[in-house]
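Summary of the model geometry
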Amino acid sequence: MSEQLHARIEELRNLLNKWNYEYHVLDQPTVPDSEYDNALHELIRLETENPDLLTADSPSMRVGGAALSVFEKVEHRTAMLSLGNAFNEEDLRDFDRKVRQGVGDQVSYMCELKIDGLAVSLRYEDGLFVQGATRGDGSIGEDITQNLKTIRSIPLRLTKPYSLEVRGEAYMPKKSFEALNEQKKLAGEELFANPRNVAAGSLRQLDPKLAAKRNLDIFVYGIGNVGSTGVTSHSQGLDLLHELGFKTNPERQKCASIDEVIEYVQKWQEKRPNLAYEIDGIVIKVDSLEQQDELGFTAKSPRWAIAYKFPAEEVVTKLIDIELSVGRTGVVTPTALLEPVRVAGTVVKRASLHNEDLIREKDIKLGDTVIVKKAGDIIPEVVGVLTERRTGEEIDFSMPSHCPECESELVRLDGEVALRCINPMCPAQIREGLIHFVSRDAMNIDGLGERVISQLFEEKLISDVADIYRLEKDQLIQLERMGDKSATNLINSIEASKSNSLEKLLFGLGIRHVGAKAAKTLAQQFETIERLQEATVDELVAVNEIGDKMAESVATYFNNPEVQKLISELRDLGVNLVYNGPKAVNVADIDSYFAGKTVVLTGKLEILSRNEAKEKIELLGGKVSGSVSKKTDLLIAGEAAGSKLEAAQKHGVEIWDEARLVEELKK
Ligand code: IVH
């Protein structure tokens, strides 16, 4: 009996997987929906009766199981980076020029549609889908596995037992979006703005049954780490993904020149409305993985790929008023209040005007008819004024002389365009500082957004960042729109943030001139806040990448008795004040030829992989850079080295072959 049961369950799973694939990946259903539903119900019944036979890759998982109370954080094994942007033909040609400078003229590009959805990472172990995550800040995302399983085009089991991380874009097809909004309209509910928001919102629902209802889909576009798959080009990678059972986008095209790329871009700009899903541009990638490797990355994005963004839609509306807000650093920013208008999928009511100079430059008056677009398709911006539509009733605007929040006099610091409120007790600055403290790149406290912080601040439950760690559940429950469960979750996220590594806190404190990257450098170098507090300006400047201005600012900040009091309060409240990431190496302490040198690798290496060579050089205190310049100390030229070798010869840079490198590394 049990053998029979096993066999039947296996048979149902195989059938359902096959039908799923045919319907959702190939778009070629072979059985009516009712047959699929019957088989699925039979499987669910058998699994419910025999829970020990349930497996994580069973197609029954796609209907969505129990709701979670919170999403776990997931560290991506390979960072999920974003791409640099191109907005016109010139930007594309510029990209091509730089690529060819790096790897020579033998380049082909893969062009793909840039799907407008949510980036996700899917991890497979021995062919089984084990974890799916959002992008998050690029290094840490959220575990949304149970929601991703409801996307039927995501294989739960691959056709081969590979272990790999796959990247893709989850999205909602236009038709599903329209149908959903149609339902909402009938129910008299507020409509969703665009398919991307619904896809992102659905995948961030704690209850997977909601995601299961949303008809989401996915196109995968890359492998996190090709490892031992044998793939040597991006296009082969995509073909492999297709073979493994994934849905890849069929409109991709290999192009032999930038002219062909531009043709592809133009074609899809026109054909965009006919697609069944939304795209916001074209992604162009160097096809050869070896060349990708050679080009490498900047701090934020790969040098071997670029995203061409379609031009933003522009609309006309009326500027009703200008509102002033005070930011974390006291800068007063004017915002245009607009007659609501639909732009690129959402209703826009406000747009930043940046500063007074911009208002004057664009000659913006209250009551004007203005052109609005979304910069990068996200942030609304006033492009200009239709002066011919003026009636004479428009009113000139000028910035106030006093802070709209605390009424102290505004000042314009030397060389700055912005007007600032310099009162450190200004409530607006304190509130914005708190919002910054909990934000993603800082302490990353989930559930503590702008709205909750503002409420807590207004209710006087928090007045500085230490107060966040004094909050109690009973106080939270009293807030508007805060239930028992959200309050518990919030308390848990606050608690969890206490163990963040020091750089998160340093960035969160909002020290002038200290961005996320500098915070990391400081934390890595000084390791504890006590050591950083004691550091002199000279010691700070001695750190690579810390300039005079920043060093002054850091020293002044920690000299302030108020700050010292705050830090000791945070310590007493149990907030971690120690760096717990990888250790910084002091190059001066390394006894190696490579210490402090900038090295460029080019050509094909035979003994080491390029990554191995890079890691080894870096371990010995060297810096590996992607291009040859005056600052280059050494070029390692492998087989068939081209333009970089020439450049190195021109600059008189020392040149070694791979054998010499290997020998030096052994020392
Ligand atoms: S490749 C290293 N290909 O666009 C970065 N991205 O900044 C690899 N996107 O957030 C990205 N379609 O989620 C790539 N065919 C495609 C894409 C695509 C959409 C998204 C992606 C990322 C953003 C690029």
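The shown structure was predicted, so the numbers you read here are calculated from the model rather than taken from an experiment. (Residues numbered from 1 in each chain as written. Predicted model: local features only at pLDDT ≥ 70, side-chain atom pairs only at ≥ 80, totals over all residues. Heavy atoms only, no water.)

A word on the site of the ligand. The immediate surroundings of the ligand are formed by 13 residues, with Leu-83, Glu-112, Ile-115, Glu-169 and Tyr-221 found nearest. Glu-112 places a side-chain nitrogen or oxygen 2.8 Å from a nitrogen atom of the ligand. For the ligand, the protein covers 86% of the area, taking 520 Å² as the surface of the free molecule. For the shell around the ligand, the secondary-structure elements that each account for two or more residues are strand S3 (109–115) and strand S10 (279–286). The class makeup of the residues in the shell around the ligand is 8 nonpolar, 1 polar and 4 charged. (Near = heavy atom within 4 Å. Polar contact = N/O pair within 3.5 Å; in protein donor to acceptor, adjacent residues only side chain to side chain. Areas by Shrake-Rupley, 256 points an atom, 1.4 Å probe, with all protein chains shown as cover. Helix = DSSP H or I, 4+ residues; strand = E, 2+ residues; numbered from the N terminus. Nonpolar A, V, L, I, M, F, W, Y, C, P; charged D, E, K, R; others polar.)

Looking now at the UniProt feature "binding site: NAD(+)" (unreviewed entry) in the protein. The UniProt entry lists Asp-33, Ser-34, Glu-35, Tyr-36, Asp-37, Ser-82, Leu-83, Glu-112, Arg-135, Glu-169, Lys-285 and Lys-309 under the feature "binding site: NAD(+)" (unreviewed entry), expressed in the numbering used here. A stretch of 277 residues holds the annotated residues, and the largest C-alpha distance among them is 43.6 Å, long enough that they do not meet in one place. Positionally, Glu-112 belongs in strand S3. Excluding residues within four positions of it along the chain, Glu-112 makes contact with Tyr-221, His-234, Leu-238, Arg-252, Tyr-264, Ile-282, Val-283 and Lys-285. Position of Lys-285 relative to the elements: it lies in strand S10. Classification of Lys-285 by relative accessible area gives buried; the value is 8%. (UniProt positions renumbered as here; feature names shortened; annotations may be inferred. Contact = heavy atoms within 4.5 Å. Buried < 20%, exposed > 50% of the residue type's maximum accessible area, 1.4 Å probe, protein only.)

Pairing is parallel in the open sheet, where 4 strands are placed in the order S20-S19-S21-S22. Each edge of the sheet is formed by a strand with only one pairing partner; in this case those strands are strand S20 (623–625) and strand S22 (654–656). For this sheet, the mean inter-axis angle between neighbouring strands, taken without regard to orientation, is 30 degrees. Both strand S19 (residues 598–602) and strand S21 (residues 634–637) contribute to a ladder of 4 bridges, which runs parallel. Of the residues in S21, the one forming a bridge with Thr-602 is Ala-637. Contacts from helix H23 (residues 610–619) reach S19 and S20, with the element oriented near 170 degrees to S19. Packed onto the sheet, helix H24 (residues 643–651) meets S19, S21 and S22 and runs at close to 145 degrees relative to S21. (Pairing = 2+ DSSP bridges. Axes fitted to C-alpha atoms, helices over the stretch in contact; angles between N-to-C directions.)

All right, on to the UniProt feature "active site" (unreviewed entry) in the protein then. With numbering aligned to this structure, UniProt lists the feature "active site" (unreviewed entry) at Lys-114. Tracing the backbone through its elements, the reader meets Lys-114 in strand S3. On the basis of relative accessible area, Lys-114 is assigned to the buried category, the value being 19%. Not counting the four nearest positions on each side in its chain, Lys-114 is found in contact with Glu-278, Ile-279, Asp-280, Gly-281, Ile-282, Val-283, Ala-307 and Lys-309.

With that settled, consider the packing of aromatic side chains. Counted under the stated rule, the structure contains 14 aromatic pairs. Here Tyr-171 and Phe-219 contribute two aromatic rings whose centre-to-centre distance is 5.2 Å and whose plane-to-plane angle is 15 degrees, an arrangement assigned as stacked. Taken as a pair, Tyr-171 in strand S7 (residues 164–171) and Phe-219 in strand S8 (residues 217–223) lie far apart in primary sequence, 48 residues in all. On the basis of relative accessibility, which here comes to 6%, the residue Phe-219 falls in the buried class. Relative to Tyr-469, the ring of Phe-437 has its centre 6.4 Å away and its plane inclined at 85 degrees; by these criteria the two rings are edge-to-face. With a gap of 32 residues between them, Phe-437 in helix H12 (residues 427–438) and Tyr-469 in the loop between helix H14 (465–468) and helix H15 (473–477) connect regions that are remote in the sequence. Classification of Tyr-469 by relative accessible area gives buried; the value is 8%. Taken together, the ring pairs in this structure connect Tyr-124, Phe-129 and Phe-246 into an aromatic cluster. (Phe/Tyr/Trp six-rings, centres within 6.5 Å; stacked < 30°, edge-to-face > 60°.)

This part covers the side chain of Glu-664. One can find Glu-664 in helix H25 (residues 658–666). For Glu-664, the residues in contact, after removing those within four places along its chain, are Tyr-593, Phe-594 and Trp-656.

Turning next to the pattern of salt bridges. Under the definition given, this model contains 46 salt bridges. Close ionic contact of Asp-259 with Arg-93 constitutes a salt bridge, the shortest N to O distance being 2.8 Å. Of this pair, Asp-259 sits in helix H9 (residues 258–271) while Arg-93 sits in helix H3 (residues 89–103), placing them 166 residues apart in sequence. Note on Asp-259: relative accessible area 44%, which makes it partly exposed. Here Asp-105 makes a salt bridge to Arg-100, at a shortest N to O gap of 3.1 Å. Connected through shared salt-bridge partners, Glu-356, Asp-357, Arg-360 and Arg-412 make up one network. (Salt bridge = Lys/Arg side-chain N within 4 Å of Asp/Glu carboxyl O.)

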